[in-house]
Amino acid sequence: MKTFISPLSILLLAFGLVVGNQVKAQQTVTGTVMDSNKLPIPYASIIEKGTTNGVSSDFDGKFTINVNSLNKSVLNVSYVGFVAQSITLNGRSSLSIILKEDVETLDEIVVVGYGTQKKSDVTGAVSSADIESFKEAPNTNIAQSLQGVVPGLNVGQVTSAGATPSISIRGASTISGNSNVLIVLDGIQYNGSLSSLNPDNIESIDVLKDASSTAVYGAQAANGVLLITTKSGKKNKKPVISFSTSYTSQGPNVNLRPMRRNEYLEKVRALNYEDAYLGPDFTTPNPDFDLADYVDGTMVDGDGNLLDNDYDWWDEGTRTGYIIENKASVAGGGDNLSYLLSIGHTDQKGFILNDNFQRKNIRVNVDIDATDWWKVGIQTFGSFVNQDGDEPNIWELVTSSPLLTPYDDEGNLILSPFNTIQLNPFLAYDVQDLERHDSFFANLYSEIDFGFIKGLKYRVNFGNNYRIDKYYGSSEYGAGFTGDAGKNINFYYDYTLDNILTYNRTFNKHDLGLTLLYGAIERKGESTNAYTNGFERLTLGYNSLELGANQFTSSSAFSEQLNYQMFRLNYKFDNRYLLTGTIRRDGFSGFAANNKYGYFPSGAFGWIASNEQFLDNVEWINNLKLRVGYGVSGNQTSRYNSLASLGTRAAYVFGDGGTPAFGQELSSLPNADLKWERTTGLNIGMDFGLINNRINGNVEVYRNITNDLLFSVAIPYITGFERINTNVGKIENKGVEISLTGDIVRSNDFNWTTTLNFSTNKNEILELTGQDEDGDGVEDDLISSGLFIGESLGTYYNYETDGIYQVGEENIPDGYFPGTFRVVDQNGDGEITPVDDRVVLGRSEPAYRFSVLNTFSHKNLSLSFFINSIQGGSDSYLGYNSNVLYTSDNSIRFNYLSGIDYWQPNNPNGVNPISSTAPTITPPIYMDRSFVRLQDVSLRYSFDQELLNKFSLSGLSIFLSGKNLATWTSWRGWDPETNQGLTSGGRPVLKGYSIGLNVSF
């Protein structure tokens, strides 16, 4: 009989063999770590000096450690926010240790561009995301842990497995340019998907929001910056092996599904109400009405009777989703070395069949002090994502009639149950589909401390990103059921080379910091696509494309380069006055010949008012800092926007019946003057700590103006072209951000902490093309593009409605009928026209956002819940949400979502129109998307140190967590945050329940 040993067991055993060492446990010391109020400090670090022997205090601040000698051993005790202590035992075996709060270390270190700073020294709008509170949430993507946690950072929802949500910072600042937030991973720009990152590997995420902090990244930072730092080992700490596992069950957060048989037939009756009911009021059923005469012929048997099926297409195409996660790591270090080795496996099955996501990842981070003046290291990971499988078509799952079935009597899929061009939704599911994304990242660095000039350091970063994306597929139903297959493979590579020189010195009351940067980036990509159709047999699928009758190939490639220099000055006087100045110069190969380089300056000033003498006696103010910053950052265009582009067309046919000759022609004009979009921003901020730092927070007020917007402007057709890419217009974003954290209750047995975030952003178009074609002295709006001066980018401009026309109502205009929307005649001329009767109805952007995180802890038990909300008011955060039915072959044939409140003569207050004839104008209806969501709940129990010692464990906890558990909203449809209303192609946001285990030893 063979014994099977899992790869994870082998790896954990290898960890132990490589890094395990035996600590000679000769004598035992117990103790308690407390603060100045004699409240326990959990997770304080206690390390025997000169060894890697260490432990952490438990929830009650208690610890037990075995030392080499009670007489000679020294314990180093530390915790973030407190002054570290070195305690000589001198024969003592029991200790009560009081750590004093350190204001300097309470200002934790935050990552800023090309370095770190004490938070107390930061002059820009830099926020650290609280990802620790969401580490046990069922989030396969680290961006999901950022929803609502940082004011001004706006992260959307996801509706498919492993997906990355939308991310924006302080509103939209471009019309057609790049709108992506810049992501910097371990100091290197990262262009891969966040789905490739293991959330368990992330140590911190810092958000640069204003121009004075983002200007260090110059031309790529106008949309804000996310600085992601991964975990590392700790020097002089014995190896800690950690393992965690969790299981999550997921299902839709709303009970929305297609109609079943009876409701479907009632829908057919409603579409034919003039025949199904007796006039003139059409509320009394017509006894002669036979539904079999009105449904599609595929739903009637040979005797003219309705088929007796009630097939649940939706139930057959969906399932209960789940996430299984397993993660293991080992971290530690010696006198000159720290390391972290991590592996993980994530398996997610979404709600829709074949919505699959699997991720395998490995990370190695190593830092080495080669000498006392030279450090080297590497942060590297490999990620292997599998998204094989093709979903059944969701729209077809909803619209397929319950009177029909997907299989014939022999169990074969029916190609088109309707006998129309609409196909069986399970044809898309019954295919070969391979989708793989392999990502590799490595940042190698070397840092030299020049001893001959104190404070002078040089660091070189060489970062590499490499990615392979594969999309292979075949289907016997493709290409008109002749079968098709194809392979598409993409390769991407970039490198970053940064040379960073820093100088930091303190001279009496003067603190000086200088940073010089010279760097370069090169990005390359290529793709190859092979496609064929017309198979006699598709047995080998995409692995034998030459068997197809019609074969097609295509390929592409690109290369772009960036070059940049940056200088930054940080100055602090007497720990009271702060000054930061930055200038960056960027060059980009993709920009036009006359604007290859751009300059991006910024400056900021800070005043630590709490360090002034006149506040010395104000005991309730512990920290008060005022900040003001002003700067310029940029947004680069796509690599070929400034160049003329070529297109292929059939240019000439040689004679009657001849084949066309294909040639190339210019399809767009070049613009040698195209340049960067430039965002100029003013930020005023205040940071504070009050009442013995029981209340901490900050307030930001900002105004950003983006100039030189990248836009395709119409030009006279006589030129041979319709448009040219150029720089026009101006957009403003302004708003307020507030973050508050309070220790509501702090005692020996019970703690309660609350964090409140609030933000608002107002977007407004200030200028567009500058044209005044109607000669009224006012710049023209671009109505066809939905752009209006004085309004936001997300403006809704359309017809206003005032209810639904009723049966028997007089003066219904021509072209409108009972059951259709009553369109408001804005100018009262008796006609509805696009020019005179469309108005601004509102905007898609919200009025404000807020979130509340409450954390409770009682001894070993902790509970947290997070409420997230987006609010719009009467004319903002609107979304399209109407489902209108007019009698036609398709509207009768198709199924729709259940529970829609359609108008009927016997339901005159129905919200959604239904009519026998389509009206002249069917205006869209926009609804308020405001919601309050119980987004995250987590309950954790951590076992006592006494129990852990019995099993030689350093940590053991179990947890329960929930995601998207409840949503309070007036929105009708799938979910307000995804802006999917009563649509047949919508996807649900998933509600999840998790159970998991964390163990370390």
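Describe in detail the overall build of the chain, supporting the description with residues and values.
Helix and strand counts for the chain stand at 12 helices and 50 strands. For a compact globule of 1001 residues, the expected C-alpha radius of gyration is about 30 Å, and the chain comes in at 32 Å, within 12% of that figure. When the backbone C-alpha atoms are referred to their principal axes, the chain occupies close to 105 × 80 × 65 Å. Here the chain holds 1001 residues, and 49% of them are scored as buried. Considering only residue pairs separated by 6 or more positions, the chain has 68% of its internal contacts joining residues 24 or more positions apart. When the accessible surface of the chain is split by element, carbon and sulfur atoms take 53% of a total near 45500 Å². Across the chain, the mean location of the 75 positive side-chain charges is 15 Å away from that of the 112 negative side-chain charges.

Talk me through the confidence of the model for the chain; I want residue IDs and the actual numbers.
Mean pLDDT over the chain: 90, with 95% of residues reaching 70 or higher. Throughout residues 1-25 the model reports pLDDT below 50, and contacts reaching past four residues in sequence, or to other chains, amount to 23 contacts.

Talk me through unusual backbone geometry; I want residue IDs and the actual numbers.
Between Gly279 and the following residue, Pro280, the backbone shows a cis peptide bond with an omega angle of 5°. Inspection of the secondary structure puts Pro280 in the loop between β18 (277-278) and β19 (284-285). The backbone phi angle of Phe282 is positive, close to 55°, even though this residue is not glycine. Locating Phe282 in the fold gives a position in the loop between β18 and β19. Taking relative accessible area as the criterion, Phe282 reaches 17% and is therefore assigned buried. Unusually for a residue other than glycine, Asn419 sits at a positive phi of about 60°. If you trace the backbone, Asn419 turns up in the loop between α7 (394-399) and α8 (426-429).

How would you explain the packing of aromatic side chains if you had to name every residue and give the values?
Applying the stated rule across the entire model yields 37 aromatic pairs. Seen in terms of ring centroids, Phe134 and Phe866 are 5.0 Å apart; in terms of plane orientation they differ by 80°. Their pairing is edge-to-face. Here Phe134, found in the loop between β10 (126-128) and β11 (153-155), pairs with Phe866, found in strand β43 (residues 861-871); they are 732 residues apart in sequence, far enough to count as distant. Phe866 carries the same exposure label as Phe134, and that label is buried. One aromatic cluster is present, built from ring pairs that chain together Phe588, Phe591, Phe600 and Trp676. The residue whose ring lies beneath Arg893 is Phe418, and the NZ or CZ to ring-centre distance is 6.0 Å.

So what's going on with the sheet that holds strand β3 (residues 54-56)? Which residues, and what values?
Taken together, the four strands give an open sheet; going across it, the order is β3-β2-β5-β6, and neighbouring strands pair in antiparallel fashion. The open sheet has two edge strands, β3 and β6 (85-88), and neither has a second partner. Ignoring strand direction, the axes of neighbouring strands in this sheet form an average angle of 20°. Summarising the sheet, strand β5 (residues 74-78) and β6 pair through four bridges and their orientation is antiparallel. The residue bridging Asn76 from the neighbouring strand is Ser86, located in β6.

Lay out the sheet that holds β10 in plain terms, naming residues and giving numbers.
Read from one edge to the other, the open sheet built from five strands follows the order β10-β15-β16-β13-β14, with strand pairing classed as mixed. One side of each edge strand has no neighbouring strand; the edge strands of this open sheet are β10 and β14 (188-189). Inspection of the sheet shows strand β15 (residues 202-208) paired to strand β16 (residues 225-230) by six bridges, in the antiparallel sense. Paired with Ser204 across the two strands is Thr229, which belongs to β16.

Before we move on, can you summarise the nonpolar core with the specific residues and values?
The tendency in soluble globular proteins is for nonpolar side chains to be buried side by side. Of all hydrophobic cores here, the largest spans 45 residues; its most connected members are Tyr264, Met299, Trp314, Tyr902 and Ile914. The set of elements that each furnish at least two residues to this core consists of α4 (261-271), α5 (273-276), α6 (313-316), α7 and α8. For this core, the element with the most residues is α4, which contributes five residues. Excluding anything up to four places from it in sequence, Tyr264 contacts Met259, Met299, Ser401, Pro402, Leu403, Ile892, Arg893, Phe894 and Asn895. Counting residues in hydrophobic clusters, the runner-up holds 29 residues, among them Ala129, Val181, Leu226 and Leu853.

For the side chain of Glu612, give the residues involved together with the corresponding values.
In this structure, Glu612 sits in the loop between β30 (597-608) and β31 (621-635). Engagement of the side chain of Glu612 in a polar contact is seen with the side chain of Arg576, the distance being 2.8 Å. Leaving out residues up to four positions away in the same chain, Glu612 has contacts with Arg576, Tyr577 and Trp607.

I'd like a rundown of the pattern of salt bridges, residues and numbers included.
Taken as a whole, this structure holds 36 salt bridges when the rule is applied. The residue Arg170 makes a salt bridge to Glu737 at a minimum N-O spacing of 2.8 Å. Of the two residues, Arg170 sits in the loop between β12 (167-169) and β13 (182-185) while Glu737 sits in strand β36 (residues 723-746), which places them 567 residues apart along the sequence. We note that Arg170, like Glu737, is buried. In this structure, the salt-bridge partner of Lys963 is Asp936, at a minimum N-O distance of 3.3 Å. Pair noted here: Lys963 is in strand β49 (residues 955-969) and Asp936 is in strand β48 (residues 931-942), with a separation of 27 residues, a long-range link. Asp936 matches Lys963 in its accessibility class, with the two residues each being buried. Where salt bridges share partners, they join Arg257, Arg260, Asp310 and Asp312 into one cluster.

I'd like a rundown of the environment of Asn201, residues and numbers included.
By the secondary structure assignment, Asn201 is in the loop between β14 and β15. The spatial distance from the C-alpha of Asn201 to the C-alpha of Arg849 is 29 Å, given a sequence separation of 648 residues. Discounting residues that sit within four places of it in the chain, Asn201 has contacts with Thr230, Lys231, Ser342, Asn361 and Arg363. A distance of 2.8 Å separates the side chain of Asn201 from the side chain of Ser342, its partner in a polar contact.

Describe in detail the environment of Leu434, supporting the description with residues and values.
Residue position: Leu434 is located in strand β24 (residues 432-450). Looking at Leu434, the relative accessible area reads 15%, which means it is buried. Along the backbone, Leu434 and Ile98 are 336 residues apart, and their C-alpha atoms lie at a distance of 59 Å. What Leu434 contacts, discounting residues up to four positions off in sequence, is Asp388, Lys470, Tyr471, Tyr472 and Tyr542.

Provide a residue-level description of α4, including the pertinent values.
When α4 is considered as a whole, its buried residues turn out to be Arg261, Tyr264, Leu265, Lys267, Val268, Ala270 and Leu271. For α4, the elements touching its buried residues are α5, β45 (885-886), α11 (889-893) and β46 (914-915).

Quick rundown of a nonpolar patch on the surface? Include the residues and the values.
Together, Tyr247, Leu861, Leu863, Leu939, Tyr941, Ile958, Leu960, Ile995 and Leu997 line one region of the surface with nonpolar side chains, adding up to about 730 Å² of accessible area. Breaking the nonpolar patch down by element, the ones donating at least two residues are β43, β48, β49 and β50 (990-1000). Its location among the elements puts Leu960 in strand β49. Among the residues examined, Leu960 registers a relative accessible area of 44% and is labelled partly exposed.

How would you explain the side chain of Ser882 if you had to name every residue and give the values?
Mapped onto the secondary structure, Ser882 falls in the loop between β44 (878-880) and β45. One polar contact links Ser882 to Tyr880, side chain to side chain, over a distance of 3.4 Å.

Account for the environment of Asn286, with residues named and values stated.
Assignment of secondary structure puts Asn286 in the loop between β19 and α6. For the pair Asn286 and Asn412, spaced 126 residues apart in sequence, the C-alpha to C-alpha distance is 40 Å. Not counting chain neighbours up to four residues away, the residues in contact with Asn286 comprise Asp275, Ala276, Tyr277 and Leu278. For Asn286, the side chain forms a polar contact with the main-chain oxygen of Asp275, separated by 2.9 Å.

Here is what the cut-offs are and how they apply
- Residues numbered from 1 in each chain as written.
- Predicted model: local features only at pLDDT ≥ 70, side-chain atom pairs only at ≥ 80, totals over all residues.
- Heavy atoms only, no water.
- Helix = DSSP H or I, 4+ residues; strand = E, 2+ residues; numbered from the N terminus.
- Rg over C-alpha atoms; globule rule 2.2 N^0.38 Å.
- Buried < 20%, exposed > 50% of the residue type's maximum accessible area, 1.4 Å probe, protein only.
- Contact = heavy atoms within 4.5 Å.
- Areas by Shrake-Rupley, 256 points an atom, 1.4 Å probe, with all protein chains shown as cover.
- Lys, Arg positive; Asp, Glu negative; His and termini not counted.
- Charge placed at Lys NZ, Arg CZ, Asp CG, Glu CD.
- pLDDT = per-residue confidence, 0-100.
- Phe/Tyr/Trp six-rings, centres within 6.5 Å; stacked < 30°, edge-to-face > 60°.
- Lys NZ or Arg CZ within 6 Å of the ring centre and 35° of its normal.
- Pairing = 2+ DSSP bridges.
- Axes fitted to C-alpha atoms, helices over the stretch in contact; angles between N-to-C directions.
- Core = buried A, V, L, I, M, F, W, Y, C linked by side-chain atoms within 4.5 Å.
- Polar contact = N/O pair within 3.5 Å; in protein donor to acceptor, adjacent residues only side chain to side chain.
- Salt bridge = Lys/Arg side-chain N within 4 Å of Asp/Glu carboxyl O.
- Patch = residues over 30% accessible without salt bridge, like charges linked within 9 Å, V, L, I, M, F, W, Y side chains within 5 Å.

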